[in-house]
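Secondary and tertiary structure notes
This is what each chain is made of:
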Amino acid sequence: MEIVLNKEDFSNGIKIVEKITSQKAIQPILSNILIETVTSDRIKFCATDLNLAINYKTSAEVIKEGSITLSAKKISEIVSKLSSTEVTLKTSEETDNIKIKSGKTEFDMIGLSASEFPKVLDDTDTPETKTIILNKNEFSKAIKQVIFAVSQQETQAVLTGVCFNIENNILELAATDGNRLTRIQKEIDTTVDELINFIVPAKTLAEVQRISSIIEDENITLKIQKNKILFEFENLAFQSRLIDGIYPKYQQLIPNASEKKIVIDRAELINSIERVSIMVNDRTNVVRFNFSAGQLEIMADTPEAGRSKDYIDIQYEFDDMLTAFNYKYVLDGLKNMDSKNVEIEISDVLAASIFKPQDDKNNYICLIMPVKVQ
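One structure accompanies this document, and this report is about it. Note that this is a predicted model, so its numbers are computed, not measured. (Residues numbered from 1 in each chain as written. Predicted model: local features only at pLDDT ≥ 70, side-chain atom pairs only at ≥ 80, totals over all residues. Heavy atoms only, no water.)

The next subject is empty space enclosed by the protein. For the coordinates displayed, the defined rule picks out two cavities of 30 Å³ or more. Roughly 50 Å³ of volume is contained in the largest cavity. D122, D123, T124, D125, K223, Q225, K228, L230 and Q239 together form the lining of the largest cavity. Residues of the lining of the largest cavity, tallied by class, amount to one nonpolar, three polar and five charged. Of the volumes computed, that of the second largest cavity is approximately 40 Å³. Across the lining of the second largest cavity, the residue classes break down as four nonpolar, three polar and one charged. (1 Å grid on protein atoms, 1.4 Å probe; cavity = no way out; pocket = protein on both sides within 12 Å on 5 of 7 lines; lining within 4 Å. Points joined across faces, edges and corners; volume = space filled by probe spheres on them. Nonpolar A, V, L, I, M, F, W, Y, C, P; charged D, E, K, R; others polar.)

Attention shifts here to the sheet that holds strand β22 (residues 353-357). In spatial order, the strands read β11-β12-β23-β22-β21-β16; together these six strands make up an open sheet with antiparallel pairing. Where the open sheet ends on each side, the last strands, each with one partner, are β11 (161-176) and β16 (261-265). Neighbouring strand axes in the sheet, compared pairwise and without regard to direction, differ in orientation by 25° on average. Two elements, β22 and strand β23 (residues 365-368), share three bridges in a ladder whose sense is antiparallel. Paired with S353 across the strands is I368, a residue of β23. Along the sheet, helix α5 (residues 266-276) contacts β16 and β21 (341-345); its crossing angle with β16, the most-contacted strand, is approximately 85°. (Pairing = 2+ DSSP bridges. Helix = DSSP H or I, 4+ residues; strand = E, 2+ residues; numbered from the N terminus. Axes fitted to C-alpha atoms, helices over the stretch in contact; angles between N-to-C directions. Contact = heavy atoms within 4.5 Å.)

For helix α6 (residues 327-335), the full list of buried residues reads Y327, Y329, V330, L331, G333 and L334. Its side-chain oxygen 3.0 Å from the backbone nitrogen of K328, N326 forms the N-cap of α6. (Buried < 20%, exposed > 50% of the residue type's maximum accessible area, 1.4 Å probe, protein only. Polar contact = N/O pair within 3.5 Å; in protein donor to acceptor, adjacent residues only side chain to side chain.)

Running from amino to carboxyl end, α5 crosses α6 at an angle of 150°, the nearest separation of the two axes being 10 Å. Considered as vectors, α5 and α6 are oriented roughly antiparallel to each other. As α5 runs across α6, the sense of the crossing is left-handed. For the pair formed by α5 and α6, the contact residues are R266, L269, I270, I273 and E274 on the first element and Y327, V330, L331, L334 and K335 on the second. Residues belonging to the contact of α5 with α6 are distributed by class as follows: seven nonpolar, no polar and three charged. (Parallel < 35°, antiparallel > 145°, perpendicular 65-115°, else oblique. Left-handed = near helix turned anticlockwise from the far one by under 90°.)

Below, the discussion takes up the side chain of S140. As for its position among the elements, S140 is in helix α3 (residues 136-147). What S140 contacts, discounting residues up to four positions off in sequence, is Q209 and S212.

Counting 111 residues, the largest nonpolar core has F139 and L269 as the members making the most contacts within it. In this structure, F139 is in contact with L134, F164, L171, L173, V208, I220, L222 and F231, ignoring residues within four places of it in sequence. In terms of nonpolar packing, the next biggest core, distinct from the first, is built from six residues, L30, L34, C46 and F117 among them. (Core = buried A, V, L, I, M, F, W, Y, C linked by side-chain atoms within 4.5 Å.)

Although it is not a glycine, N285 sits at a positive phi angle of roughly 60°. With respect to the helices and strands, N285 occurs in the loop between α5 and β17 (286-292). For N285, a relative accessible area of 11% puts it in the buried group.

Before going further, it helps to examine the sheet that holds strand β2 (residues 32-39). The eight strands are arranged β6-β2-β3-β4-β15-β14-β13-β10 in an open sheet whose pairing can be described as antiparallel. Among the strands making up the open sheet, the edge pair consists of β6 (67-71) and β10 (130-135). Within this sheet the neighbouring strands show an average axis-to-axis angle of 20°, counted without direction. Judged from the five bridges that link them, strand β14 (residues 228-232) and strand β15 (residues 236-241) form a sheet pairing that is antiparallel. By the bridge assignment, K228 is partnered in β15 with R241. In the packing of helix α2 (residues 72-81) onto the sheet, contacts are made with β2 and β6, and the angle to β6 comes to roughly 90°. α3 contacts β10, β13 (219-224) and β14 of the sheet and is inclined by roughly 95° relative to β10.

It is worth spelling out the pattern of salt bridges at this point. Pairs can form between side chains of opposite charge once their charged atoms are near each other. Counted by the stated rule, this structure contains 24 salt bridges. Between E232 and K223 there is a salt bridge, with the nearest N and O atoms lying 3.4 Å from each other. Here E232 falls in the buried class, since its relative accessible area comes to 17%. Put simply, E274 and K335 hold a salt bridge, and the shortest N to O gap is 2.7 Å. You can see E274 sitting in helix α5 and its partner K335 sitting in helix α6, a full 61 residues away along the chain. Where salt bridges share partners, they join K99, K101, E106 and D108 into one cluster. (Salt bridge = Lys/Arg side-chain N within 4 Å of Asp/Glu carboxyl O.)

Read these as spatial facts, not as claims about activity.
Now the structure itself:
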């Protein structure tokens, strides 16, 4: 193989795929990136950890066809230090070595044969393939608004992912760790004939967000099959296994609209909670909310450190009500809303409470279970 390419294209290709490599894998090949010619003016970069796989194509002058795999860590370090804008890669005829030249700089690097690289990514459609086209930025934002609520406990595999429900022209994403729940519903241009339901690992969606921030395409295509999902851009394909299992019926956890609605300036509430949380008990993270007509009192205390208290104006006209929450859960939800005001629905001090942007069109909610007030 012999190719010539722009340093920026080379660097972008490595940057996009390198995080999918496995640095602690038993198989050394999984720590490598596959570089392979595609046409006379295109090459592709590939990486996989066997659960995730990625292909990215970019422009290059292909003098001689071929392929090789190189250590992701080393090739990333090399390309970051090159000073010239043009890079030449040429493999040895007899070995899996490669010469990398850029200006007056040369590297001789030992690679592994491309024949050892696992063929994991398969973008072939089947009769069962369901295809959905989404706006990339809107999809990335929807992921951001729900992903923080996934469980960090690997013992509950289905809760470590985000549940997708696609029916008619509505895409619904939901995540829960048992203490809180996030859900968003969005209208999409694609209409499906029957309900599509699947669970995508949070790690996968975090990578989709990262890739989306680099790729300039306007849309992203989702191709769903029995046990895997493919995210496609014009020059990139990213594949992941789906989580096998049945997601909890989270719709049953969402209470009916409560008559007790509180409207608060979102930024003021965030600032107030952050001030008060300085004195929070680090073991429980509990902050108390005391609602009264027109005013919210927020309190925290720690026996060893002291106590804090703050007041903010609110729209509330019902009986006084004292409840408490893990303040980190509340902040996570508030910081993923972009409305000026937030609406809180509380039916009972120990019932699930709903935090949502006021006048939201996407039915975005953050449900938080309260903590019993001591």
